[in-house]
Amino acid sequence: MVKPKWHPADDLTEMQRRFVDYMVYNQGRTTHTDAALAAGYSPNRARVEASELMDHPKVLKYLRYKLNEVNRSYTMTKNNYVLTQQILS
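Residues numbered from 1 in each chain as written. Predicted model: local features only at pLDDT ≥ 70, side-chain atom pairs only at ≥ 80, totals over all residues. Heavy atoms only, no water.

For the structure shown, the criterion picks out 6 salt bridges. In this structure, the salt-bridge partner of K66 is D21, at a minimum N-O distance of 3.8 Å. Remark: D21 occurs in helix 1 (residues 14-25) and K66 occurs in helix 4 (residues 57-73); sequence separation between them is 45 residues. Ionic pairing is found between E69 and K66, a salt bridge with its closest N-O pair at 3.5 Å. Pair noted here: E69 and K66 are both in helix 4, with a separation of 3 residues, about one helical turn. (Salt bridge = Lys/Arg side-chain N within 4 Å of Asp/Glu carboxyl O. Helix = DSSP H or I, 4+ residues; strand = E, 2+ residues; numbered from the N terminus.)

Turning our attention to the packing of aromatic side chains. This model, assessed by the stated rule, comprises 1 aromatic pair. Where Y62 meets Y65, the ring centres are 6.5 Å apart and the plane angle is 15 degrees; that geometry is what we call stacked. With Y62 and Y65 both in helix 4 and 3 residues apart, this pair spans about one turn of that helix. Note on Y62: relative accessible area 4%, which makes it buried. (Phe/Tyr/Trp six-rings, centres within 6.5 Å; stacked < 30°, edge-to-face > 60°. Buried < 20%, exposed > 50% of the residue type's maximum accessible area, 1.4 Å probe, protein only.)

Here we come to the nonpolar core. In a soluble, globular protein the nonpolar side chains are often hidden away together inside. By size, the foremost hydrophobic cluster in this structure holds 18 residues, and its most contacted members are F19, V20, A36, V59 and L63. Within the residue set of this core, elements represented by two or more residues are helix 1, helix 2 (32-39), helix 3 (46-53) and helix 4. In contact with V59, other than residues within four places in its own chain, are L12, Q16, F19, V20 and L53. (Core = buried A, V, L, I, M, F, W, Y, C linked by side-chain atoms within 4.5 Å. Contact = heavy atoms within 4.5 Å.)

Once that is clear, we can look at helix 1. Compared with the 16 Å implied by 1.5 Å per residue over 12 residues, the 16 Å span of helix 1 between its first and last C-alpha is a close match. Among the residues making up helix 1, those that are buried are Q16, F19, V20, M23 and V24. Down the axis of helix 1, the buried side of the element spans an arc of 125 degrees, and every buried residue falls inside it. (Expected span 1.5 Å × (residues − 1). Arc of directions from axis to C-beta.)

With a relative accessible area of 29%, Y65 lands in the partly exposed category. Separated by 57 residues in sequence, Y65 and P8 place their C-alpha atoms 7.4 Å apart. Residues in contact with Y65, not counting those within four places in the same chain, are H7 and P8.

A separate point is the packing of helix 1 against helix 2. Where helix 1 meets helix 2, the axes come as close as 8 Å, and the angle between the chain directions of the two elements is 135 degrees. Taken together, the axes of helix 1 and helix 2 are oblique relative to one another. For the pair helix 1 and helix 2, the sense of crossing is right-handed. Counted together, M15, R18, F19, Y22 and M23 of helix 1 and H32, D34, A35, A36, A38 and A39 of helix 2 form the full contact between these two elements. (Axes fitted to C-alpha atoms, helices over the stretch in contact; angles between N-to-C directions. Parallel < 35°, antiparallel > 145°, perpendicular 65-115°, else oblique. Left-handed = near helix turned anticlockwise from the far one by under 90°.)

Okay, structure coming up:
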């Protein structure tokens, strides 16, 4: 039996994952509080929860993982360059 490969999201709750995903996909256009609200945290505690999440090591590890994943997709490689040139032609 093959053991599934570990993923940083495996250690997080669904709300923590949604918080990070919102932060990544709205990078530079949102606040931590807005991300906590979008993830489903209570409006009364969203600011506190966001602060606690940004101090949580597993959340930060997943955030780094997701940011690297997104940035890697924008990296220009030979194949990406050729595809871009074919599309623009």
